[in-house]
Amino acid sequence: MARINSAAELEERRLGILSKRDPNKLCIAVCNGNGCSGRNEGIISVFTEELGKQSLDGKVDVRATGCHGFCEKGPFVVIYPEEICYTGVTLEDVPEIVAQTVVGNQVVDRLVYTDPATGEKAVRQSDIPYYKNQTRLLMGNNPMINPKDIDEYLALGGYAGLSKALFEMTPEQVLEEIKKANLRGRGGGGFPAGSKWETTRNAPEKVKYVIVNGHEGEPGAFMDRALFTGNPHLVLEGLIIGAYAIGSHLGFIYTRHDSPELLANIRTALKQAEEYGLLGKDIMGSGFDFEVEVHFDIGIFVSGESSALMRSIEGKAPEPTPKYIRTSVSGIWGKPSNLNNIETWANVPQIISKGSEWYSTIGTERSKGTKLISFFGNVCNTGVVEVPFGTSLKEIVYGFGGGIPNGKKLKAVHFGGAMGGSLPASMIDTPLDFDGLAKVGAQIGAGALMVLDEDTCMVDLARFFMKFLSEESCGKCVPCREGVRQMLNILTNITEGKGKEGDIELLEEISEVVGEAALCSLGRTAPAPLLGMLNYFRDEFEAHIKEKRCPAHFCKNLQ
Amino acid sequence: MDNAAIDHIINKYQGQARFLIQILMEIQEENRWLPREVLKTVSEKLDVSFRQVMRIATMYKTFSLVPKGHNEIHICMGNACHVRGAERLLKEVQELTGIKPGETDSDGKFSLEIGCCRGNCCSGPVMEIGGKTQDKMSPAEALKNYE
């Protein structure tokens, strides 16, 4: 395919793609996300075969898409243009779908979603309450595009944001727009992306780098992978716009090595973007050059930390370094390096094409836009949702999550994995907000929400997190290496009935030292979940120690 | 793994030392583990000290310095799988295969690894064999398919 050399040519290309399409042609979109693909391997070829039997080759498109988000009810199959949505589709269902729906234009009733609460059926995907109640600005296109085909992204207006940035705006204006939108980093801290970009842009070194943090090491966080695998060009477009604003000509994608589909889609996207002249030298004829390299985490948690990640990109061991100078000033090879996570970059194109004013209307006063939340644990539905900031946790757990299974009661929700915080059920009305949640001790983190029922022992959970961190600590600094290990020992003793008076105070003391003295945020935030649990569930710790009793009846030695 | 194969991978990265991690990763993908003499060759060709190569090869958990079994079993120990019984699953697989995490059985059929979140929390507790999720199957049934 020929290069695109101007904004007008991009628009021409888009119209060209649309004109070749028949809007009434049937398209079977099969979810190929992580959850669905494991359950229906080979479904695409079964569809193709079945269509062949009905002599429909070429008359119906079959598209493998990224994650649709409602993983619990997967595998998903959506038939466009009518958007007929089937849930829990197995290989055996394929002949019936082809015969009934594709040939006969009938809906296969038994595969249609039924709302467990009301018994109502929803034939179209967008009528299912799970989807209807979301604001899917980032994830919404996942069912509608084949992530391996740049044309499908272009057809939906892809790279229009980049085109606008390159031809209608100066780098300063792009930066200003991101600052005005108050886009905050989605990776954990919620640091304003615009300020970070500005720091890198204004740093004295001429060579600057931009990085996509696609490490997503936080257990239970799978929304970034769902987004990046399903719509890689969205993230890439955001990255190129950011590079233009910052003045960077080399970017890095740092991502997981263990997701073959993600890797394949990233590589295809980079190749196609380069062929189309959207990446590489003289992007779209604007004179702006930008290239991207892909690097991998190779199974280590701490390499998601910014300085460790940058050492890893340099080809070194991923050990964090002290950040007296921020990585946005001195990062990879000592050059200013701006790191944002997948979701942050994915927000950039829409802010540029629709404007910061529009973006500011979504969310709360200080947390703008939408947030992807993955939720799991003791909850009826596991999946990814995209909701505006300000949505209450109750809405997420009961509305989208469908409540707690087996008639159990909610005990707590836990945000942010091993470095996050838990909130008791009584605080379930708290709205989703960076600052609001941080204030009550539950940092959003990357947005992985674990739902815990009454059978969960909070002491054991604290031990579990501490064990995870002790295994993942790189061992470079003593406070983290030793402090976490000692806290793990104490917590293990408590769960085994060997807790002593004074253990809680000792845990608090070690927590304070580790929190102050550890080198990087892995160590500094390691005590966070424990301290939160001591705050809200102190009586459980005391019952374990003083009465040798586990109130949740979970710890085996205490029953 | 012969020198030509190693050269082929190193040349893909123009012999640049900063791509050490990618190079080791590709070698492991092809060879399934990293033998000492291969690491020595890499060290010489990239002009990186053997000490540094070993440091990288031992620090990143996915790299293996011992041969791996024909079928790699991976059990997720992330918190979503933890609350759904990952420990029980691990115990059962250990009993069935007779190996512990990090080990390979004597006939080289299986090796067992534990790790963290593969992003497939809805199917938890997750066991993968050869990169494929074993969904809705007992460990015994799943292992039988790979015997």
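These numbers come from a predicted model, not from an experiment.

Engineer: Teacher, can you tell me more about the overall build of chain A here?
Structural biologist: On a plain count of helices and strands, chain A comes out with 23 helices and 15 strands. Expected size for 559 residues packed as a compact globule is a radius of gyration near 24 Å; at 25 Å, chain A falls within 12% of this value. Considering only C-alpha atoms, chain A reaches an extent of 75 × 60 × 40 Å along its principal axes. Expressed as a percentage of its 559 residues, the buried residues of chain A come to 55%. Restricting the contact set of chain A to residue pairs at least 6 apart, pairs at least 24 apart contribute 71%.

Engineer: Looking at this model, I keep getting lost on the overall build of chain B. Mind explaining?
Structural biologist: Of regular secondary structure, chain B possesses seven helices and four strands. Counting from the amino terminus, helix and strand elements in chain B follow one another as α-α-α-α-β-α-α-β-β-β-α.

Engineer: Which parts of the structure should I look at to understand the interface of chain A and chain B?
Structural biologist: Much of the literature gives interface size as the accessible area that the parts lose upon coming together. On the side of chain B, 31 residues touch chain A, which itself brings 31 residues to the contact. Only helix H2 (34-37) and strand E11 (370-377) of chain A provide two or more residues apiece to the side of chain A that touches chain B. Across the side of chain A that touches chain B, the residue classes tally to 12 nonpolar, 14 polar and five charged.

Engineer: Please explain the nonpolar core as it appears in this structure.
Structural biologist: Proteins that are soluble and globular tend to have nonpolar side chains buried together. Ranked by internal contacts, the top residues of the largest apolar core, which has 206 residues, are Val451 of chain A together with Leu24 of chain B. Counting residues per element, this core draws most heavily on helix H11 (residues 232-246) of chain A, at 10 residues. When near neighbours in sequence (up to four residues on either side) are disregarded, valine 451 of chain A contacts Phe375, Gly377, Asn378, Val379, Val397, Gly401, Ile404, Leu410 and Val413 of chain A.

Engineer: Explain the sheet that holds strand E3 (residues 127-129) of chain B to me, please; I cannot follow it from the model alone.
Structural biologist: Sheet strands pair via backbone hydrogen bonds, and the direction of the pair is either parallel or antiparallel. Residue and element names in this part refer to chain B. An order of E2-E1-E3-E4 is seen for the four strands of this open sheet, with the pairing classed as mixed. Looking at the sheet topology across the chains shown, the edges are occupied by strand E2 (110-115) and strand E4 (132-133). In the sheet, strand E1 (residues 71-76) pairs with E3 via three bridges, with the strands oriented antiparallel. Following the sheet pairing, histidine 74 is matched in E3 by glutamate 128. Seen against the sheet, helix H6 (residues 86-97) touches E1, E2 and E3 and runs at an angle of roughly 155° to E1.

Engineer: Would you mind going over helix H4 (residues 50-59) of chain B with me for this structure?
Structural biologist: An α-helical turn contains 3.6 residues, so any two residues separated by three or four positions project in the same direction. Residue and element names in this part refer to chain B. Looking at H4, one finds that the buried residues are Val53, Ile56 and Ala57. What you see down the axis of H4 is that its buried residues fit within an arc of 95°, all on one side. The outward face of H4, more than 90 degrees from its buried face, is lined by the exposed residues Arg51 and Thr58. Taken together, the buried residues of H4 touch helix H2 (20-31) and helix H3 (36-46).

Thresholds applied
Residues numbered from 1 in each chain as written. Chains lettered and ligands numbered in written order. Predicted model: local features only at pLDDT ≥ 70, side-chain atom pairs only at ≥ 80, totals over all residues. Helix = DSSP H or I, 4+ residues; strand = E, 2+ residues; numbered from the N terminus. Rg over C-alpha atoms; globule rule 2.2 N^0.38 Å. Buried ≥ 20, exposed ≤ 12 C-beta atoms within 10 Å, placed from the backbone. Contact = placed C-beta atoms within 7 Å. Nonpolar A, V, L, I, M, F, W, Y, C, P; charged D, E, K, R; others polar. Core = buried A, V, L, I, M, F, W, Y, C linked by C-beta atoms within 7 Å. Pairing = 2+ DSSP bridges. Axes fitted to C-alpha atoms, helices over the stretch in contact; angles between N-to-C directions. Arc of directions from axis to C-beta.

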